[in-house]
Amino acid sequence: MYSHYGWYISSIIPEDYLQSGYVITHQAAYYNNPDLRLKLARSFVLGAAKNMAKLCKRLRIGNLRVPVNEISKAVSISELMGIEGNIHIKYLELLDLKLPQDFKVISRSRMPPRNYINSMMSYLYSVLYGIIGSQIFSTHLSPSISFLHEPSERRSSLSLDIAEIFRPVFCDRVILKLINLKIMKKSDFIDDNGIYLNEAGKRKVLVAFEEKLRETVYVSSLRRKVSNKFLIRLEIYKVEKQIMENKQYKPYIMRD
């Protein structure tokens, strides 16, 4: 369910029918161990940075430096968040090179979004959070215990961790496609103390996003192709295996 302005409110599904006390206690212990939490958090930041760099390379808009050493040597969550923030600023600057004047990011703005592309980002990111949340409910993990983001931020904070990996892979690619193909028009937005998508604009974004999620990608570990939507669930399974089996989590990195 989403509000009038496209903000994610809730998902109506049986939330805890798969959750396991055994798994959740391990998940909580992982969070409460600073070294283990940092290990996972570093992976989320590294994966996000590499996917942003891959997208920039694919678009031929410049090389985004991935500060691998800085990420690996970060000693706190706040330091990691600062590194991720700096990477994202450079990333948005490169994206603006590919965008027409009326649809440039300029800077990230939320609550409310101040321009067209920020409106699209806020809306589509909230949709992604909801989808990831529903995929988490299909595993044994608790959506409220996260590692990069603080659990107190919102109820499904683990969705925010996983979304770091997939925002450039799915959301940003869809947004760039819609803008550069001139599918999105100024008439798809309204100005109401902030710039928001109207109903026609939301339909355009959701149709394109659903198409992206239905696309398939080959997964070598399964020896078959899976949908992008199922790829999200596989990512969550990998996090669970890191927690429960100490099998090193390697974030999904899109191909060149």
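That block above? That's the structure.
Quick caveat: nothing in here was measured; it's all calculated off a predicted structure.

Undergrad: Hey, could you go over the nonpolar core for me, with residue numbers and the actual values?
TA: As a rule of thumb, nonpolar side chains are buried together in soluble globular proteins. Counting residues in hydrophobic clusters, the biggest one holds 79 residues, and the most contacted among them are Phe44, Met120, Phe166, Phe209 and Leu231. Not counting residues up to four positions away in its chain, the partners in contact with Met120 are Ile175, Leu178, Ile179, Met184, Phe189, Leu197 and Val205.

Undergrad: Talk me through the packing of aromatic side chains; I want residue IDs and the actual numbers.
TA: Scanning all chains against the criterion turns up seven aromatic pairs. Their ring planes at 20 degrees and their centres at 6.1 Å tell us that Phe166 and Tyr252 sit as a pair that is stacked. Note that Phe166 is positioned in helix α6 (residues 157-180) and Tyr252 in the segment after α8 (228-245), a separation of 86 residues in sequence. Here Tyr252 falls in the buried class, since its relative accessible area comes to 16%. Against the face of Tyr125 rests Arg167, its NZ or CZ located 4.7 Å from the ring centre.

Undergrad: Please set out the pattern of salt bridges residue by residue, giving values where relevant.
TA: Within the structure shown, the criterion is met by eight salt bridges. The partner of Arg37 in a salt bridge is Glu150, with the nearest N and O atoms 3.1 Å apart. With a gap of 113 residues between them, Arg37 in helix α2 (residues 34-59) and Glu150 in the loop between α5 (116-136) and α6 connect regions that are remote in the sequence. Overall, the relative accessible area of 29% leaves Glu150 in the partly exposed class. Residue Lys238 pairs with Glu235 through a salt bridge whose shortest N-O separation is 3.0 Å. Linking Lys238 with Glu235, this pair stays in helix α8, spanning three residues, or about one helical turn. Exposure remark for Glu235: the relative accessible area of 2% places this residue in the buried category.

Undergrad: Hey, could you go over the pairing of strand β3 (residues 216-219) for me, with residue numbers and the actual values?
TA: When a strand is regular, its side chains alternate between the sheet's two faces. Residues Val217 and Val219 point to one face of β3 and are all buried, whereas Thr216 and Tyr218, pointing to the other face, are not buried. Bridge count between β3 and strand β4 (residues 224-227): four bridges; the pairing is antiparallel. Across the sheet, Val219 pairs through a bridge with Arg224, a residue of β4. Once β3 ends, the chain turns through four residues before running back antiparallel as β4, passing Arg223 with a positive phi of about 60 degrees.

Undergrad: Go over the packing of α2 against helix α4 (residues 77-96), please, and point to the residues and values.
TA: Two elements in contact, α2 and α4, have axes separated by 10 Å at closest approach and are oriented at 5 degrees. In terms of their interaxial angle, α2 and α4 are classed as roughly parallel. The segment α2 lies against α4, with Arg37, Leu38, Ala41, Arg42, Val45, Ala49, Met52, Leu55, Cys56 and Leu59 engaging Ile77, Leu80, Glu84, Ile87, His88, Tyr91, Leu94 and Leu95. Here the contact of α2 with α4 is composed, by residue class, of 14 nonpolar, one polar and three charged.

Undergrad: Tell me what's going on with the side chain of Asp96, and back it up with residues and numbers.
TA: Turning to its location among the elements, Asp96 is positioned in helix α4. Within the structure, the side chain of Asp96 is placed 2.5 Å from the backbone nitrogen of Val105, a separation counted as a polar contact. Ignoring sequence-local partners within four residues, the contact set of Asp96 consists of Lys104, Val105 and Ile106.

Analysis parameters
- Residues numbered from 1 in each chain as written.
- Predicted model: local features only at pLDDT ≥ 70, side-chain atom pairs only at ≥ 80, totals over all residues.
- Heavy atoms only, no water.
- Core = buried A, V, L, I, M, F, W, Y, C linked by side-chain atoms within 4.5 Å.
- Buried < 20%, exposed > 50% of the residue type's maximum accessible area, 1.4 Å probe, protein only.
- Contact = heavy atoms within 4.5 Å.
- Phe/Tyr/Trp six-rings, centres within 6.5 Å; stacked < 30°, edge-to-face > 60°.
- Helix = DSSP H or I, 4+ residues; strand = E, 2+ residues; numbered from the N terminus.
- Lys NZ or Arg CZ within 6 Å of the ring centre and 35° of its normal.
- Salt bridge = Lys/Arg side-chain N within 4 Å of Asp/Glu carboxyl O.
- Pairing = 2+ DSSP bridges.
- Axes fitted to C-alpha atoms, helices over the stretch in contact; angles between N-to-C directions.
- Parallel < 35°, antiparallel > 145°, perpendicular 65-115°, else oblique.
- Nonpolar A, V, L, I, M, F, W, Y, C, P; charged D, E, K, R; others polar.
- Polar contact = N/O pair within 3.5 Å; in protein donor to acceptor, adjacent residues only side chain to side chain.

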